Structures are given as structure tokens and as C-alpha cells.
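Now for the letters of each chain:
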Amino acid sequence: MTLTVKEFIKDFKVQFQSLYAYSYEEGSTEQQYNALGLYVKNYLSGNWKETREKYVKNSVKQVYYFSMEFLPGRQLKSNAYNLGLLDTIKEGLSEMGLSFEELEKAEADPALGNGGLGRLGSCFMDSLASLGIPGNGNGIRYQYGLFKQKFVDGYQVELPENWLRYRNVWETRNVKSTCMIRFGGNVWLEDNLLGHLEMKYENTLNVLAVPYDTPMVGYRNNTVNNLRLWSAEIPVEEEDNYPTLEATEPIKEITQVLYPDDSNYEGRLLRLKQEYFMVSAGIQSILRHFTKYNVPRKNIPDKVAIHINDTHPALIIPEMMRILLDEEHLSWEQAWEITFKTCSYTNHTVLREALEKWPVDMMKDLLPRIYMIIEEINRRFVETTIPLYGERLTWQTAILQNGVVNMAHLAVIGSHSVNGVAKLHTEILMNDVLKDFFELYPERFNNKTNGITPRRWVHLSNPGLTQLIDEKIGEEWKKNPSELKVFKGFEKDKKTIKKLAEIKLENKQRLADYIEEVKGIKVDPNALFDVQIKRLHAYKRQHLNMLHILHRYLEIKQNPTMEFVPRVFIFGAKAAPSYIYAKQIIKVINSLAELVNNDPDVGDKLKIVFFENYGVSLAEKIIPAADISEQISLASMEASGTSNMKLMANGALTLATLDGANIEIRDFVGEENMFVFGLSSDEVYELRAAQNYSSREIYDSNDKVRRSLDALRDGTIPGLQDEGNAIFESLVQYNDEYFVLKDFDSYVEAQEKIDELYKNEKEWTKKSLLNIASAAPFSADYTIKRYADDIWKVKQYGEQKQLVSPLDEPMA
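Residues numbered from 1 in each chain as written. Predicted model: local features only at pLDDT ≥ 70, side-chain atom pairs only at ≥ 80, totals over all residues. Heavy atoms only, no water.

1. Quick look at the packing of aromatic side chains
If you walk through the whole model with that rule in mind, you get 25 aromatic pairs. Ring centres of F8 and Y39 lie 5.3 Å apart, and the angle between their planes is 75°; this geometry places the pair in the edge-to-face category. Of this pair, F8 sits in helix α1 (residues 5–20) while Y39 sits in helix α2 (residues 29–57), placing them 31 residues apart in sequence. Taken together, the aromatic side chains of F8, F12, Y24, Y39 and Y43 make up a single cluster linked through ring pairs. One cation-aromatic arrangement involves R444 over Y441; the distance from NZ or CZ to the ring centre is 3.5 Å. When the ring centre of W457 is taken as origin, the NZ or CZ atom of K646, which lies over that ring, is 4.8 Å away. (Phe/Tyr/Trp six-rings, centres within 6.5 Å; stacked < 30°, edge-to-face > 60°. Helix = DSSP H or I, 4+ residues; strand = E, 2+ residues; numbered from the N terminus. Lys NZ or Arg CZ within 6 Å of the ring centre and 35° of its normal.)

2. Comments concerning the pairing of strand β21 (residues 628–631)
Burial along β21 is two-sided: I628 and E630 and S629 and Q631, pointing in opposite directions, are all buried. Bridge count for strand β18 (residues 528–533) against β21 is two bridges, and the pairing is parallel. Bridge assignment links D530 to a residue of β21, and that residue is I628. Of the pairings in the sheet, the one linking β21 to strand β22 (residues 653–656) comprises four bridges and is parallel in character. Paired with Q631 across the strands is A656, a residue of β22. Between β21 and its parallel partner β22, the chain crosses via helix α23 (residues 643–649), and the hand of that crossover is right-handed. (Buried < 20%, exposed > 50% of the residue type's maximum accessible area, 1.4 Å probe, protein only. Pairing = 2+ DSSP bridges. Right-handed = clockwise from strand over helix to strand, strands pointing away.)

3. A look at helix α28 (residues 723–731)
The element α28 is largely enclosed, with a buried count of seven among its nine residues. Buried residues along α28 sit against β4 (155–159), α20 (542–558), α21 (580–597), α26 (695–701), α27 (703–710) and α29 (740–758). (Contact = heavy atoms within 4.5 Å.)

4. Thoughts on a negative patch on the surface
A surface patch of negative charge is lined by E427, D682, E683 and E686. Look at D682 and you get exposed, because its relative accessible area is 55%. (Patch = residues over 30% accessible without salt bridge, like charges linked within 9 Å, V, L, I, M, F, W, Y side chains within 5 Å. Areas by Shrake-Rupley, 256 points an atom, 1.4 Å probe, with all protein chains shown as cover. Salt bridge = Lys/Arg side-chain N within 4 Å of Asp/Glu carboxyl O. Lys, Arg positive; Asp, Glu negative; His and termini not counted. Charge placed at Lys NZ, Arg CZ, Asp CG, Glu CD.)

5. Looking at the state of the cysteines
Under the counting rule described, the total for this entry stands at zero disulfides. Here C179 stays free of any disulfide, with the sulfur of C343 as its closest cysteine sulfur at 17 Å. You can call C179 buried: its relative accessible area is 2%. On the basis of relative accessible area, C343 is assigned to the buried category, the value being 0%. (Disulfide = S-S within 2.5 Å.)

6. Observations regarding the packing of α20 against α27
Running from N to C, α20 and α27 cross one another at 95°; their axes reach a closest spacing of 9 Å. Accordingly, the angle class assigned to the pair α20 and α27 is roughly perpendicular. Together, L547, L550, H551, L554, E555 and Q558 of α20 and K704, R707, S708 and L709 of α27 make up the contact between the two elements. (Axes fitted to C-alpha atoms, helices over the stretch in contact; angles between N-to-C directions. Parallel < 35°, antiparallel > 145°, perpendicular 65-115°, else oblique.)

7. Focus: the sheet that holds strand β13 (residues 357–359)
Note: strands within a sheet are paired through backbone hydrogen bonds, in either parallel or antiparallel orientation. Strand order in this open sheet of three strands is β13-β15-β14, and the pairing throughout is antiparallel. On the outer flanks of this sheet lie β13 and β14 (400–401), each paired with one strand and no other. Pairing analysis gives three bridges linking β13 to strand β15 (residues 404–406), with the strands arranged antiparallel. When the bridges of β15 are listed, K357 appears paired with N406.

8. Here we look at a nonpolar patch on the surface
A cluster of nonpolar residues, V152, V157 and L159, forms a patch on the protein surface that exposes about 200 Å² of accessible area. Position of V157 relative to the elements: it lies in strand β4.

9. Things to note about the pattern of salt bridges
As enumerated under the stated definition, the model contains 44 salt bridges in all. R380 is paired through a salt bridge with E333; the nearest N and O atoms lie 3.2 Å apart. Placement of the pair is R380 in helix α13 (residues 368–397) and E333 in helix α11 (residues 332–342), with a sequence separation of 47 residues. One salt bridge in this structure joins R352 and D432, with 3.4 Å as the shortest N-O distance. Of the two residues, R352 sits in the loop between β12 (343–346) and β13 while D432 sits in helix α15 (residues 423–433), which places them 80 residues apart along the sequence. Within this structure, E333, E376, R379, R380 and E383 form a network of salt bridges that share partners.

Now the structure itself:
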């Protein structure tokens, strides 16, 4: 039944009054938001219940996606849109004198992730529900998300991000599904009366895992899946053992902070605790739920698929073995077969040295039973592998080596599928990072290129573009993104090109207004908006971008009367609190911004905007306004990237190295519709192998490079202490680990081509349209469909149409 505006107004008034006992007119914006959020949650609760019940009733296989991060963004607008209520709610609120946009701002933007990994998990949750695939998320309900970033004198300062300060209307505390998690203590095996070996525990730290469930709403299909986030609490029966607040700290800290500082032993120990806490609670919950199917335990892989998103949840494998061995009393062989067939693993790493490892002593002390099982998995692996492959390969792939537990090795050995997240990344895994495992298990390796949800990143973020596409090709693309290719037919249509340019300018004007509001910087919306939004890391090369801006600034100063294409360089990035070099880059960019934005010689020719506290809601403002998408990591370093996909889908032209998914973007949109520069991954490998790269030689011989680098330390940029010098030394003295100087000329050349094309609005907009029309293969719907078909073996279920895959061959 369709909800009318009149019904909504009546129901909302009742909802508000039942919460606060006075009328909505007297309420604060936060209270009005709470009432609206709870109204939407109540509206979807019937579908949430029915979805859960029909999965059990029809005995369907379900997937459980484990991730240390989920970065969902605000959910009010997304949920209302997916339910088909958004327009009705907006109209109803307007009639009551309220603004949906104002109420939406009252919702906390939960920073439960560090960037791509967490946002990917949330895009996948959206796509699972929208495809009607029985799927669940499993993670941690951090009390404090990733820190709130502030700039003080250009320096990053980290403040607590207490996203739970006010009520989270979307979550439901589910006390009937709690689990007990044990840490430390003594563990031994004893014969019991039934002839089984029974595990005995003493002096353990017992932690109660309490689940908070959040609905994941499918797009117009009545499917509502579940995201379960766990919180650590003191077991009720042990409350008397904790007489002071200080005594409760070892338990409370487990779910207090996302990614505690791991630069010391205590921080690393806490991270390991977090990983096991999430894993153990999730696996206990899954196996308890499996009993509802009333089928033998050997059928677990027929009803359950468990996915390990990066190595953080790799303890799933020994934890599942623990329960099947110790509590279900299966034989090792039975337990291993079930675990292996149930688990699959996505690797997100491109460097061997970045693969997660834990000291054996730490694992043994904190998780004694889990370590016993890992030891036995390793012993059996070595025993079976040596006769077939010899000692060298066996010991290189062993889980236990040199006093550490290799988590990626555990994940590969215990999973039936191992995938990378872009074609190049998967090739790097097979030829380098996990090469030895590829020799052992070639059949396990496959590629699943990442994707983004078009609902949040196009339909909601860019309503003007969405309406234009609807008018030109109909609305089928919203459920079957491959229909977007039909939009290509309008590349020569003058009215469409004109309208597309107008929509982009409107988006840029909105962002320009917001920049003036929050940063006090006035920017020209007709200037080219050049965007780099991603975690701050040396391999992502924000400092290459900064050096080009510095080069451009020096050119303007040298030729102040010369005509330049106006640019606004937009950054959004957080640096890890202990990552000093990344924080130095932030300081230099902010100091350069202070110089450039206030130099009368520069005027509107060049502006720099570095947003504080970049996150999902800010991305939704920036991405629709972007003209250029900076994807400039050193080739071979970025596993995939997803900001590249979001920006492309909104019509930004990509400036990129051939790294991660940039290669596939090129394959689909065509190199003539983007800007490619820099070393290829093969050239990077060759350069490293030759060991003859000299950044000092480039500095000495290249005037442009030398001039920009000297400006970092000769006082050109005021307000710097030693930050400019630190970057100079990393690039010249310490030989430029990520080949910034090697790629500099190529990068500047590509930027000059961008300037030239931007002068021709019609040609630029035509290429923008072709990017939009080529974005369908990067929908997370297709990514999830491939996971479901190839790895998890789960089927679409429910009222949506079966998704038609896009062409396997590139569209361009």
C-alpha cells in the first residue's frame, strides 16, 4: 500500500508525541530527526522480520560478511529512498513547516571505518539487500569511530568521534543473542564421562558480546537484511567482580576505539582482542542460527557462506574449528572440511610486508586454545605439503614462521576461495604477494573488482544527473545498471550536453557555497574543480599533487599577466595519528593553501581547499561537483580504489596512473576519455629490481622539479617548521620511495592537457557523458552478483528482477 502525504503527517505527529509527550512544533531538530528516523525504522520493521523469517522457512543459504570496518554514512535518506518514501516524507515535512535537509543533518555520520575498506563493506551491504541476496554484515560497534579531524595552524589534530553521544535510531539491542568470549587464562583437555576430550578453562577474562542489529534496506524490493555490530560488556553474573570503573577498563576498551594505536605492545594486543572478539561472537551467533534449519552439521556449507574481508577476521578459521571440535565434538577431518568449504577470503594488500602478523607469544597468552588449533593446522599443512612441494615452498607458506603467526597464510590455507579486488591486484597476488600459494592452490584464486552502490553515489548524491538520465533512457538503469550504456547515444545531442553542463555547474555552485560557509574561501564555480579524496598515505601521493600545485603557483608568480585555466584543488584526507610523514604532508598543503589563497597575484587562477574531517557525508557533496578525479598512486600500490568509480559515475574525468581499477576504467571508457600518466606497474617492478634509480639526479637535472622542491625549504611557503624539509629529504636524500620525481614531468604534462581540454566545454562535457555511461560495470550490484555466483553459491531471493550482467568485454 502506498503511503500518502496525509497519512505520513498524521503518523509522524503521533510518533513524535509518543516519544516526547508534546507536539513536534516544540521539539528540537534532534528530536524531530529521532521521531522521523524511528518512524522510518518502524515502517520497515515488518519487512525486516519477514525477510529473516522467510530465509529460515525456505532454508536458503546465507552469506555472512565479516569486516573490521563498515562506513555506512547517514541512513535516513538512503532508507527512505530505498523504501520509496523519500518524496512523500519531504512533502509532508514541508507542509508541517519542517525541512528534510535540516533534519537529516542531525544524524551522526558514523566513522566506523578508515576509508575504502569500510565503505566497500557498506556498499556491499546495500547491494546484497537490493539484489535480494540473503546476506548479513558482522563487525564491531565502536563507541568512538575514527577520530574527528581538526586543523590547528594547518596541523592535523585528532579529537574523539563520539557518534553515539545521541540516540542511534537505527540499531536494535538484541539481548537474547549475546555470546560469551574468553581471553587468556589456562586451558587443558580432559576426558569426560561420554568419552570425549573436553576443554577446561580457568582464570579467563570473560566478556559478554552484545549484538546491535541495524536494518540494511534493499532498493524497492521489500528485502531488509541485517548488519550486526557487537559491543563488549561485563557479564551480568560477574558484575560484582568489578567494584570500580577502572576495573572495567580491560573489557570496555575492546569496543571503545576503531584501530587503537598499534605502535606499542598494548595497542597491538588490544587490536588482536578486537579481532577475536568480533570473530568469536559472529561465529557463535551463526552456528546457533544454523540450528534453526534442522539439518545435519555436515550441511553447514550448504546453508552458510562466511567471508573474510581482509586478514583482520582470519581468526574465523580456528574459531570455527574450536566450536566444531570442542562443543560439537566432530573429528578434526569433519570440522576442517566444513570450515574450509564455508570460508572465503578477500585480500586487499599489495605488499608482502604489509600482511598482518602476530607474535606467537602474544597469541598464545591471549588466545591459548586458538593458538593450539593454529599450531595443529600448521602441523598438518606442513606434513601434507612437504612430500608434494618440498621444504622451501612449504616453509615459505607455513602459518608459523620466525616467531609470528601469518594471518594471510592462515586465511589462504583455510579458505576455498581467495580473491583480489582488481585485475592488476589479482595478478600481483598471483605473481608476487601470494605467488607461493598460487603455486600450491591455483584453482582458489580469482578476481572480483570492487564496486560502489549507485543508489547512494548517484541517485541520492546527484539528483539532477539522475533526473536527466531518467528523462533520456527511462528508469530501468536504476535496477539494471547495464542500461546506462544507452546514455552513450546522447553524446552528440546538443540539448543533453548543454543540460549536463548546467547540472555540473549547479553542483559546483552548491559546493562553492559550502566552501565559503565552512572554510571562508570564495571560489569560482566556473573554475576547474580538481579533486583528490582518500586516506593520506605516501603511496597515494598527495605530495605529487601538492608539488604540481606549487609548480603552478610559481608559474603564475613568474608570469602574473599570462592566461591560466582557473583551478580549485580540493583535498579530503585523514592521516593515521602515528603516521608523522602523512601529517607533515597535510601541514605543507595547508600552509601552501594559506599562501596561494591570499596572494593577490594569483586571484581566482588558483585556489586550494583542504576539508577537515573527510567522511561519507562530505564526499556526497564533493563528488557530484568534481571535474577531475585524481587517482595518482604509484602503479602497483593501490589494490583497487573506489573513489575513482564514484567520481567517474558522476562525470569527472580521471587523471590516473595505470594502477588498481584505473586500468579497468580505461578499458571501459577508453584512454581518450581520461588522462593517463606515469610509470606502469611493470616499469615500477623493473626500476626497483635494477636498483639504479637516483632521485638526486632528477633534482639536479630538472629545473621544474628543483624549483618546486627548493620552495619547500627556502621560505617560499610561510608557516612551516621542518615539514617542508622532511618532504624534500624523503624525495631527494632518501631516494623517493614512491617515484614521485620520476612521474613528475609526465604528471605536469597530463595536467596541461587537462587545461587545454577544459577550454572546450562541449568536448569536455561529451567526455564526461561517456564516463557516466561507462560506469555500470563498477556498480557493486555486479560485484556482489559475481561473489554470489562464483564464491558463495547463494541465490537472489525475493521480489526483485534477476540482475543481468553487463558485457564481459569492455564497453569502449
